[in-house]
Amino acid sequence: MTITSILISNVTLFTDPDSPLATNQWLLCEGDSIHSFGSMESIPDCPGAACIDGTDKLLMPGLINAHNHCAMTLFRGLADDLELGEWLNKHIFPAEAANVNKEMVYWCTKLAAAEMILSGTTTVADGYFYEDQAAQALLDSGMRAVPAQGIVDFPAPGVPDPSTNIDAVETFLTNWKNKDDRITPAVFAHSPYTCSPKTLQAAKALAVKHQVPFFIHIAENRHEQSIIVEPQGTSPIRHLAALDLLDNDTVLIHCVWLDDEDREIIKESGAGVVICPQSHLKLASGIARTSIMDTMKIPIGLGTDGSASNNSLDMFCEMDILAKTQKLWTLDATAMPAKRVLATATKNNAKILGLSMLGEIAPGFKADITLLDMNQPHLQPFYNSDALVYSGSGAAVETVIINGRIILRDCELLSFDLNECMTEVRKLAAPLGLL
Ligand SMILES: [Zn+2]
(Lines give C-alpha, C1' and ligand atoms only; values in the text may rest on other atoms or scores of the structure.)
Protein backbone atom coordinates (compact mmCIF):
# COMPACT_ATOMS: atom_id res chain seq x y z
CA MET A 1 0.00 0.00 0.00
CA THR A 2 1.35 3.44 -0.87
CA ILE A 3 1.32 5.70 2.15
CA THR A 4 0.14 9.18 1.16
CA SER A 5 0.01 10.81 4.57
CA ILE A 6 2.36 11.03 7.54
CA LEU A 7 1.31 12.16 11.02
CA ILE A 8 4.04 13.25 13.44
CA SER A 9 2.93 13.69 17.07
CA ASN A 10 4.34 15.13 20.33
CA VAL A 11 7.02 17.05 18.46
CA THR A 12 8.76 20.40 18.96
CA LEU A 13 8.35 22.57 15.85
CA PHE A 14 10.92 24.95 14.40
CA THR A 15 8.93 26.47 11.55
CA ASP A 16 11.26 29.30 10.53
CA PRO A 17 14.05 31.35 12.14
CA ASP A 18 11.77 34.29 13.01
CA SER A 19 9.19 32.23 14.91
CA PRO A 20 9.55 30.82 18.44
CA LEU A 21 9.79 27.07 18.98
CA ALA A 22 6.44 25.38 19.67
CA THR A 23 6.35 22.30 21.91
CA ASN A 24 3.78 19.44 22.04
CA GLN A 25 2.71 19.80 18.43
CA TRP A 26 1.46 17.50 15.67
CA LEU A 27 2.15 17.89 11.95
CA LEU A 28 0.38 16.21 9.05
CA CYS A 29 1.89 15.67 5.59
CA GLU A 30 -0.51 14.85 2.74
CA GLY A 31 1.00 13.72 -0.54
CA ASP A 32 4.11 15.78 -1.24
CA SER A 33 3.14 18.73 0.97
CA ILE A 34 2.70 19.88 4.55
CA HIS A 35 -1.05 19.90 5.18
CA SER A 36 -1.39 21.36 8.67
CA PHE A 37 -0.02 21.39 12.21
CA GLY A 38 -1.23 22.33 15.67
CA SER A 39 -1.20 21.68 19.38
CA MET A 40 -1.59 18.07 20.65
CA GLU A 41 -5.02 18.91 22.16
CA SER A 42 -6.34 19.13 18.61
CA ILE A 43 -4.52 16.19 16.96
CA PRO A 44 -6.63 14.86 14.07
CA ASP A 45 -7.63 11.26 13.52
CA CYS A 46 -5.79 10.11 10.39
CA PRO A 47 -6.51 6.43 9.64
CA GLY A 48 -4.01 5.01 7.17
CA ALA A 49 -1.36 7.62 7.90
CA ALA A 50 2.20 6.59 8.72
CA CYS A 51 2.72 7.64 12.35
CA ILE A 52 5.95 9.00 13.80
CA ASP A 53 6.27 9.63 17.54
CA GLY A 54 8.06 12.98 17.83
CA THR A 55 8.71 12.75 21.59
CA ASP A 56 12.11 14.33 22.35
CA LYS A 57 12.46 15.32 18.69
CA LEU A 58 12.72 18.67 16.96
CA LEU A 59 11.10 19.08 13.55
CA MET A 60 12.64 21.65 11.20
CA PRO A 61 12.70 22.47 7.48
CA GLY A 62 15.06 20.19 5.57
CA LEU A 63 18.34 22.04 5.07
CA ILE A 64 19.27 23.25 1.59
CA ASN A 65 22.85 23.09 0.32
CA ALA A 66 23.06 25.76 -2.40
CA HIS A 67 26.47 24.80 -3.78
CA ASN A 68 28.12 21.43 -4.18
CA HIS A 69 30.04 19.36 -6.68
CA CYS A 70 28.63 16.11 -5.35
CA ALA A 71 30.77 13.68 -7.35
CA MET A 72 33.91 15.21 -5.86
CA THR A 73 33.45 12.93 -2.87
CA LEU A 74 35.98 10.78 -4.79
CA PHE A 75 38.61 13.49 -4.27
CA ARG A 76 37.92 14.08 -0.58
CA GLY A 77 41.31 14.23 1.14
CA LEU A 78 43.25 13.73 -2.09
CA ALA A 79 45.05 17.10 -1.98
CA ASP A 80 44.71 19.02 1.29
CA ASP A 81 46.53 22.12 2.54
CA LEU A 82 46.99 23.82 -0.83
CA GLU A 83 46.11 27.30 -2.20
CA LEU A 84 43.23 27.44 -4.72
CA GLY A 85 45.32 27.87 -7.91
CA GLU A 86 47.75 25.06 -7.14
CA TRP A 87 44.99 22.83 -5.73
CA LEU A 88 42.82 23.31 -8.83
CA ASN A 89 45.42 23.28 -11.62
CA LYS A 90 47.93 20.74 -10.31
CA HIS A 91 45.63 18.33 -8.51
CA ILE A 92 41.88 18.60 -9.10
CA PHE A 93 41.73 19.29 -12.86
CA PRO A 94 44.26 16.47 -13.63
CA ALA A 95 42.45 14.08 -11.25
CA GLU A 96 39.16 14.92 -12.94
CA ALA A 97 40.63 14.42 -16.43
CA ALA A 98 41.82 10.94 -15.43
CA ASN A 99 38.95 9.72 -13.27
CA VAL A 100 35.65 11.38 -14.09
CA ASN A 101 33.29 9.21 -16.12
CA LYS A 102 29.61 8.32 -16.04
CA GLU A 103 30.01 5.55 -13.49
CA MET A 104 32.14 7.72 -11.20
CA VAL A 105 29.66 10.61 -11.28
CA TYR A 106 26.70 8.34 -10.53
CA TRP A 107 28.19 6.52 -7.53
CA CYS A 108 30.13 9.42 -6.04
CA THR A 109 27.10 11.73 -6.31
CA LYS A 110 25.04 9.06 -4.56
CA LEU A 111 27.61 8.88 -1.76
CA ALA A 112 27.32 12.66 -1.34
CA ALA A 113 23.53 12.31 -1.24
CA ALA A 114 23.80 9.77 1.57
CA GLU A 115 26.07 12.08 3.57
CA MET A 116 23.69 15.00 3.05
CA ILE A 117 20.51 13.08 3.91
CA LEU A 118 22.12 11.61 7.02
CA SER A 119 23.01 15.15 8.15
CA GLY A 120 19.57 16.65 7.48
CA THR A 121 19.95 18.17 4.00
CA THR A 122 16.99 17.55 1.70
CA THR A 123 17.85 19.74 -1.33
CA VAL A 124 21.17 20.32 -3.09
CA ALA A 125 22.34 22.52 -5.96
CA ASP A 126 24.99 20.57 -7.82
CA GLY A 127 27.34 21.62 -10.61
CA TYR A 128 29.54 19.15 -12.43
CA PHE A 129 30.17 17.16 -15.60
CA TYR A 130 28.17 14.13 -16.83
CA GLU A 131 25.34 15.91 -15.06
CA ASP A 132 22.76 13.47 -16.47
CA GLN A 133 24.30 10.85 -14.18
CA ALA A 134 24.40 13.28 -11.25
CA ALA A 135 20.73 14.13 -11.74
CA GLN A 136 19.84 10.43 -11.94
CA ALA A 137 21.82 9.64 -8.76
CA LEU A 138 20.12 12.49 -6.88
CA LEU A 139 16.70 11.40 -8.14
CA ASP A 140 17.42 7.78 -7.11
CA SER A 141 18.61 8.94 -3.68
CA GLY A 142 15.24 10.52 -2.92
CA MET A 143 16.66 14.05 -2.65
CA ARG A 144 15.36 17.22 -4.26
CA ALA A 145 18.02 18.80 -6.47
CA VAL A 146 19.04 21.57 -8.82
CA PRO A 147 21.68 19.80 -10.94
CA ALA A 148 23.58 22.08 -13.33
CA GLN A 149 25.72 20.96 -16.27
CA GLY A 150 29.21 22.45 -16.04
CA ILE A 151 30.76 24.62 -18.75
CA VAL A 152 34.48 25.33 -19.32
CA ASP A 153 36.40 26.38 -22.44
CA PHE A 154 38.74 23.40 -22.41
CA PRO A 155 38.12 19.70 -22.98
CA ALA A 156 36.04 18.45 -20.05
CA PRO A 157 34.74 15.05 -18.92
CA GLY A 158 31.91 14.13 -21.26
CA VAL A 159 32.53 17.21 -23.45
CA PRO A 160 35.90 16.60 -25.17
CA ASP A 161 35.27 19.34 -27.75
CA PRO A 162 34.70 22.65 -25.92
CA SER A 163 33.03 24.15 -28.99
CA THR A 164 30.04 21.91 -28.12
CA ASN A 165 29.86 22.86 -24.43
CA ILE A 166 26.72 25.00 -24.83
CA ASP A 167 25.00 22.29 -26.92
CA ALA A 168 25.75 19.77 -24.14
CA VAL A 169 23.98 22.00 -21.63
CA GLU A 170 20.94 22.42 -23.87
CA THR A 171 20.69 18.64 -24.27
CA PHE A 172 20.88 18.26 -20.48
CA LEU A 173 18.18 20.88 -19.90
CA THR A 174 15.92 19.27 -22.48
CA ASN A 175 16.45 15.82 -20.93
CA TRP A 176 15.49 16.93 -17.42
CA LYS A 177 13.02 19.78 -17.73
CA ASN A 178 9.62 18.65 -16.46
CA LYS A 179 10.89 15.09 -15.98
CA ASP A 180 10.35 14.94 -12.21
CA ASP A 181 9.02 17.37 -9.63
CA ARG A 182 12.17 16.93 -7.51
CA ILE A 183 14.66 17.87 -10.25
CA THR A 184 15.20 21.40 -11.57
CA PRO A 185 17.95 21.34 -14.21
CA ALA A 186 20.21 24.41 -14.47
CA VAL A 187 23.32 25.95 -16.05
CA PHE A 188 26.71 26.17 -14.34
CA ALA A 189 29.39 28.30 -16.03
CA HIS A 190 32.49 27.40 -14.03
CA SER A 191 34.05 30.86 -13.76
CA PRO A 192 35.15 33.92 -15.76
CA TYR A 193 38.72 32.55 -15.82
CA THR A 194 37.69 29.24 -17.44
CA CYS A 195 34.94 30.65 -19.71
CA SER A 196 35.35 33.40 -22.32
CA PRO A 197 32.92 36.34 -22.40
CA LYS A 198 31.29 34.74 -25.46
CA THR A 199 30.79 31.44 -23.63
CA LEU A 200 29.42 33.18 -20.55
CA GLN A 201 26.88 35.11 -22.59
CA ALA A 202 25.81 31.99 -24.51
CA ALA A 203 25.41 30.08 -21.24
CA LYS A 204 23.31 32.84 -19.69
CA ALA A 205 21.18 33.11 -22.83
CA LEU A 206 20.44 29.40 -22.54
CA ALA A 207 19.43 29.77 -18.88
CA VAL A 208 17.13 32.67 -19.80
CA LYS A 209 15.62 30.68 -22.70
CA HIS A 210 14.79 27.74 -20.41
CA GLN A 211 14.00 29.93 -17.37
CA VAL A 212 16.41 28.05 -15.10
CA PRO A 213 19.08 29.25 -12.62
CA PHE A 214 22.51 30.33 -13.89
CA PHE A 215 25.36 29.55 -11.48
CA ILE A 216 28.92 30.87 -11.60
CA HIS A 217 31.95 30.86 -9.26
CA ILE A 218 33.03 34.48 -8.84
CA ALA A 219 35.46 36.59 -6.79
CA GLU A 220 36.65 33.56 -4.84
CA ASN A 221 40.34 34.38 -4.75
CA ARG A 222 42.27 37.65 -4.60
CA HIS A 223 44.24 36.69 -7.74
CA GLU A 224 41.12 36.12 -9.83
CA GLN A 225 41.01 39.52 -11.55
CA SER A 226 44.45 39.00 -13.10
CA ILE A 227 43.53 35.65 -14.66
CA ILE A 228 40.17 36.58 -16.17
CA VAL A 229 40.34 36.32 -19.93
CA GLU A 230 39.65 39.62 -21.70
CA PRO A 231 38.42 41.55 -18.67
CA GLN A 232 35.42 43.70 -19.44
CA GLY A 233 35.42 45.55 -16.15
CA THR A 234 37.71 46.44 -13.31
CA SER A 235 36.60 43.65 -10.99
CA PRO A 236 35.18 40.13 -11.47
CA ILE A 237 31.68 41.38 -10.60
CA ARG A 238 31.95 44.38 -12.93
CA HIS A 239 33.17 41.95 -15.61
CA LEU A 240 29.92 39.97 -15.26
CA ALA A 241 27.85 43.16 -15.10
CA ALA A 242 29.47 44.48 -18.30
CA LEU A 243 28.47 41.21 -19.99
CA ASP A 244 24.88 41.69 -18.73
CA LEU A 245 24.87 38.41 -16.79
CA LEU A 246 23.39 39.61 -13.51
CA ASP A 247 19.69 39.26 -12.69
CA ASN A 248 17.28 37.52 -10.28
CA ASP A 249 18.07 34.08 -11.72
CA THR A 250 21.86 34.41 -11.44
CA VAL A 251 23.54 32.73 -8.47
CA LEU A 252 26.96 34.13 -7.58
CA ILE A 253 29.02 31.57 -5.71
CA HIS A 254 31.73 32.72 -3.25
CA CYS A 255 31.88 36.56 -3.55
CA VAL A 256 34.83 36.74 -1.14
CA TRP A 257 36.66 39.59 -2.88
CA LEU A 258 34.17 42.42 -3.43
CA ASP A 259 34.36 46.16 -2.96
CA ASP A 260 31.52 48.53 -2.12
CA GLU A 261 30.71 49.14 -5.79
CA ASP A 262 30.51 45.38 -6.46
CA ARG A 263 28.05 44.95 -3.60
CA GLU A 264 25.88 47.79 -4.91
CA ILE A 265 25.89 46.22 -8.39
CA ILE A 266 24.80 42.86 -6.94
CA LYS A 267 22.06 44.43 -4.85
CA GLU A 268 20.75 46.42 -7.81
CA SER A 269 20.74 43.31 -10.05
CA GLY A 270 18.76 41.07 -7.66
CA ALA A 271 21.28 38.24 -8.06
CA GLY A 272 21.70 35.80 -5.17
CA VAL A 273 25.00 35.14 -3.41
CA VAL A 274 26.03 31.75 -2.03
CA ILE A 275 28.80 31.63 0.57
CA CYS A 276 30.89 28.49 1.23
CA PRO A 277 32.77 29.51 4.38
CA GLN A 278 34.57 26.26 5.16
CA SER A 279 35.94 26.01 1.62
CA HIS A 280 37.03 29.67 1.82
CA LEU A 281 38.91 28.94 5.02
CA LYS A 282 40.51 25.69 3.84
CA LEU A 283 41.77 27.16 0.54
CA ALA A 284 42.79 30.38 2.33
CA SER A 285 40.61 32.33 -0.09
CA GLY A 286 39.51 34.81 2.57
CA ILE A 287 36.36 35.63 4.54
CA ALA A 288 33.36 36.84 2.57
CA ARG A 289 31.82 40.02 4.02
CA THR A 290 28.50 38.22 4.43
CA SER A 291 27.20 40.33 7.30
CA ILE A 292 27.51 43.51 5.18
CA MET A 293 25.64 41.92 2.27
CA ASP A 294 22.96 40.51 4.58
CA THR A 295 22.43 43.93 6.13
CA MET A 296 22.12 45.37 2.60
CA LYS A 297 19.32 42.78 2.00
CA ILE A 298 21.27 41.01 -0.74
CA PRO A 299 19.87 37.43 -0.77
CA ILE A 300 22.55 35.36 1.00
CA GLY A 301 22.62 31.58 0.73
CA LEU A 302 24.93 28.90 2.04
CA GLY A 303 26.67 25.89 0.52
CA THR A 304 29.42 23.43 1.32
CA ASP A 305 31.17 23.41 -2.08
CA GLY A 306 32.60 20.01 -3.06
CA SER A 307 34.01 17.47 -0.63
CA ALA A 308 37.58 18.10 -1.81
CA SER A 309 37.69 21.64 -0.41
CA ASN A 310 35.67 21.37 2.79
CA ASN A 311 35.75 18.27 3.39
CA SER A 312 32.35 17.77 5.05
CA LEU A 313 28.85 18.13 3.59
CA ASP A 314 27.23 18.77 7.00
CA MET A 315 25.27 22.04 6.74
CA PHE A 316 25.09 22.36 10.54
CA CYS A 317 28.90 22.74 10.55
CA GLU A 318 28.65 25.23 7.69
CA MET A 319 26.19 27.40 9.62
CA ASP A 320 28.43 27.40 12.69
CA ILE A 321 31.48 28.49 10.68
CA LEU A 322 29.53 31.16 8.81
CA ALA A 323 28.36 32.77 12.05
CA LYS A 324 31.78 32.68 13.70
CA THR A 325 33.81 33.93 10.74
CA GLN A 326 31.56 36.99 10.51
CA LYS A 327 32.19 37.76 14.17
CA LEU A 328 35.91 37.28 13.60
CA TRP A 329 36.48 39.74 10.77
CA THR A 330 34.16 42.39 12.21
CA LEU A 331 35.42 41.89 15.79
CA ASP A 332 31.71 42.16 16.62
CA ALA A 333 29.96 39.26 18.37
CA THR A 334 26.57 40.57 17.24
CA ALA A 335 27.45 40.23 13.52
CA MET A 336 25.43 37.64 11.56
CA PRO A 337 23.29 36.35 14.47
CA ALA A 338 22.15 32.72 14.51
CA LYS A 339 18.66 33.51 13.21
CA ARG A 340 20.11 35.14 10.09
CA VAL A 341 22.43 32.16 9.61
CA LEU A 342 19.53 29.70 9.91
CA ALA A 343 17.74 31.69 7.20
CA THR A 344 20.67 31.26 4.79
CA ALA A 345 20.45 27.45 4.92
CA THR A 346 16.66 27.36 4.67
CA LYS A 347 14.41 30.07 3.22
CA ASN A 348 17.18 32.20 1.66
CA ASN A 349 18.56 29.23 -0.24
CA ALA A 350 15.04 28.31 -1.36
CA LYS A 351 14.50 31.82 -2.73
CA ILE A 352 17.89 31.97 -4.45
CA LEU A 353 17.29 28.60 -6.15
CA GLY A 354 13.79 29.64 -7.24
CA LEU A 355 12.14 26.93 -5.10
CA SER A 356 9.58 29.10 -3.40
CA MET A 357 7.67 26.35 -1.56
CA LEU A 358 10.71 25.16 0.41
CA GLY A 359 12.68 26.34 3.42
CA GLU A 360 9.86 26.77 5.94
CA ILE A 361 7.38 24.60 7.80
CA ALA A 362 4.03 25.98 6.65
CA PRO A 363 0.78 24.58 5.21
CA GLY A 364 1.11 24.12 1.44
CA PHE A 365 4.89 24.03 1.54
CA LYS A 366 6.66 20.91 0.28
CA ALA A 367 7.01 18.16 2.88
CA ASP A 368 10.82 18.37 3.12
CA ILE A 369 11.44 17.82 6.81
CA THR A 370 14.31 16.95 9.13
CA LEU A 371 13.75 15.47 12.60
CA LEU A 372 16.52 15.75 15.19
CA ASP A 373 16.92 13.47 18.19
CA MET A 374 17.17 15.95 21.08
CA ASN A 375 18.34 13.23 23.47
CA GLN A 376 21.92 14.14 22.63
CA PRO A 377 24.45 15.53 25.11
CA HIS A 378 25.46 18.32 22.70
CA LEU A 379 21.84 19.49 22.39
CA GLN A 380 20.96 19.62 26.10
CA PRO A 381 19.73 21.87 27.51
CA PHE A 382 18.00 23.37 24.47
CA TYR A 383 16.77 26.89 25.24
CA ASN A 384 16.20 28.18 21.70
CA SER A 385 16.94 27.60 18.02
CA ASP A 386 20.32 29.39 18.20
CA ALA A 387 21.62 26.03 19.45
CA LEU A 388 21.05 24.57 15.98
CA VAL A 389 23.84 26.86 14.73
CA TYR A 390 26.25 26.81 17.66
CA SER A 391 25.94 23.23 18.92
CA GLY A 392 23.97 21.53 16.15
CA SER A 393 25.37 18.63 14.19
CA GLY A 394 24.22 16.32 11.45
CA ALA A 395 24.91 13.51 13.91
CA ALA A 396 21.61 14.33 15.66
CA VAL A 397 19.52 13.75 12.51
CA GLU A 398 17.21 10.78 12.99
CA THR A 399 14.48 10.98 10.35
CA VAL A 400 14.22 12.81 7.01
CA ILE A 401 11.15 13.27 4.81
CA ILE A 402 11.50 14.58 1.25
CA ASN A 403 8.53 15.38 -0.98
CA GLY A 404 6.27 13.56 1.48
CA ARG A 405 8.31 10.34 1.45
CA ILE A 406 10.27 9.00 4.42
CA ILE A 407 13.86 8.73 3.16
CA LEU A 408 15.64 8.25 6.49
CA ARG A 409 13.89 6.57 9.44
CA ASP A 410 15.55 6.11 12.84
CA CYS A 411 18.96 6.81 11.21
CA GLU A 412 18.43 4.12 8.57
CA LEU A 413 18.64 5.18 4.92
CA LEU A 414 15.60 3.70 3.15
CA SER A 415 15.95 5.04 -0.39
CA PHE A 416 18.99 3.05 -1.53
CA ASP A 417 21.63 0.54 -0.47
CA LEU A 418 24.39 2.63 1.13
CA ASN A 419 26.75 -0.33 1.53
CA GLU A 420 26.55 -1.07 -2.20
CA CYS A 421 27.27 2.60 -2.92
CA MET A 422 30.31 2.72 -0.63
CA THR A 423 31.64 -0.52 -2.15
CA GLU A 424 31.41 1.02 -5.64
CA VAL A 425 33.12 4.25 -4.51
CA ARG A 426 35.96 2.29 -2.86
CA LYS A 427 36.52 0.47 -6.15
CA LEU A 428 36.70 3.82 -7.98
CA ALA A 429 39.07 5.22 -5.35
CA ALA A 430 41.50 2.31 -5.47
CA PRO A 431 43.51 3.59 -8.49
CA LEU A 432 43.99 6.93 -6.73
CA GLY A 433 45.66 5.14 -3.83
CA LEU A 434 42.79 5.56 -1.42
CA LEU A 435 41.39 2.92 0.86
ZN1 LIG B 1 32.38 25.24 -6.33
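Analysis parameters
- Sequence positions are assigned chain by chain, starting from 1 and proceeding in written order.
- pLDDT decides what is reported in this predicted model: residues at 70 or higher carry local features, side-chain atom pairs at 80 or more are listed and counted, and totals for whole chains, interfaces and linings draw on all residues regardless.
- Side-chain metrics in this entry use all non-hydrogen atoms of the structure; hydrogen atoms and water are not considered.
- The helix count covers DSSP runs of H or I at least four residues long, the strand count covers runs of E at least two residues long, and both are numbered beginning at the N terminus.
- Only protein chains enter the accessibility calculation, which uses a 1.4 Å probe; a residue is then buried when its area is under 20% of its type maximum, exposed when over 50%, and partly exposed in between.
- Contacts are residue-level and defined by heavy atoms, with any inter-residue pair within 4.5 Å sufficient.
- Residue-level accessible areas treat just the shown protein chains as cover; the underlying method is Shrake-Rupley with a 1.4 Å probe.
- Two residue types count as positive, namely Lys and Arg, and two as negative, namely Asp and Glu; His and chain ends fall outside the count.
- Charged groups are reduced to one reference atom each: NZ for lysine, CZ for arginine, CG for aspartic acid, CD for glutamic acid.
- These domain boundaries are the output of an automatic or database domain assignment.
- Put simply, buried area is how much 1.4 Å-probe accessible surface two parts lose in total, over both of them, once they are put together.
- Basic side-chain nitrogens of Lys or Arg form a salt bridge, by our definition, when they fall within 4 Å of a carboxyl oxygen of Asp or Glu.
- Counting of polar contacts relies on pairs of N or O atoms within 3.5 Å, with two restrictions inside protein: one atom must be capable of donating a hydrogen and the other of accepting it, and residues adjacent in sequence are counted only when both atoms are side-chain atoms.

Peer 1: So what's going on with the overall build of the chain? Which residues, and what values?
Peer 2: Helix and strand counts for the chain stand at 14 helices and 17 strands. The principal-axis extents of the C-alpha atoms in the chain amount to approximately 65 × 45 × 40 Å. Split into buried and exposed, the 435 residues of the chain put 60% on the buried side. The long-range fraction of contacts in the chain, counting pairs at least 24 apart against all pairs at least 6 apart in sequence, stands at 71%. Summed over its atoms, the accessible surface of the chain is roughly 16,600 Å², and 52% of this surface lies on carbon and sulfur atoms. Side-chain charges of the chain comprise 30 positive and 53 negative groups, with the mean position of each set lying 1 Å from the other.

Peer 1: So what's going on with unusual backbone geometry? Residues and values would help.
Peer 2: With an omega of 5 degrees, the peptide bond between Asn 310 and Asn 311 qualifies as cis. For Asn 311, the position within the fold is in the loop between strand S13 (300-302) and helix H11 (315-330). The step from Gln 380 to Pro 381 runs through a cis peptide bond, and the omega angle for that step is -10 degrees. Position of Pro 381 among the secondary structure elements: in the loop between strand S14 (369-373) and helix H13 (386-390). One non-glycine residue with positive phi stands out, namely Tyr 130, at about 50 degrees. Topologically, Tyr 130 is positioned in the loop between strand S7 (121-128) and helix H3 (131-141). Despite not being glycine, Ala 219 shows a phi value in the positive range, around 55 degrees. Assignment of secondary structure puts Ala 219 in the loop between strand S10 (214-218) and helix H6 (224-227).

Peer 1: I'd like a rundown of the domain arrangement of the chain, residues and numbers included.
Peer 2: Often, the extent of an interface is quoted as the loss of accessible area upon association of its parts. Segmentation of the chain into domains returns domain 1 (5-62 + 360-413) and domain 2 (63-352). The interface of domain 1 with domain 2 comprises 32 residues on the first partner and 30 residues on the second. Summing both partners gives a buried area of about 2,500 Å² for domain 1 against domain 2, and 62% of it is carried by carbon and sulfur. Looking only at domain 1, the three residues that lose the most surface to domain 2 are Pro 17, Val 389 and Tyr 390, adding up to 26% of its buried area. Counting every contact that joins domain 1 to domain 2 gives 5 salt bridges. With a shortest N-O distance of 3.5 Å, Lys 347 and Asp 16 are connected by a salt bridge. Connecting domain 1 to domain 2 are 10 residue pairs in polar contact (both at pLDDT 80 or more). Counting only elements with at least two residues in the side of domain 1 that touches domain 2, the list comes to strand S5 (57-61), S14, H13, strand S15 (397-402) and strand S16 (405-409).

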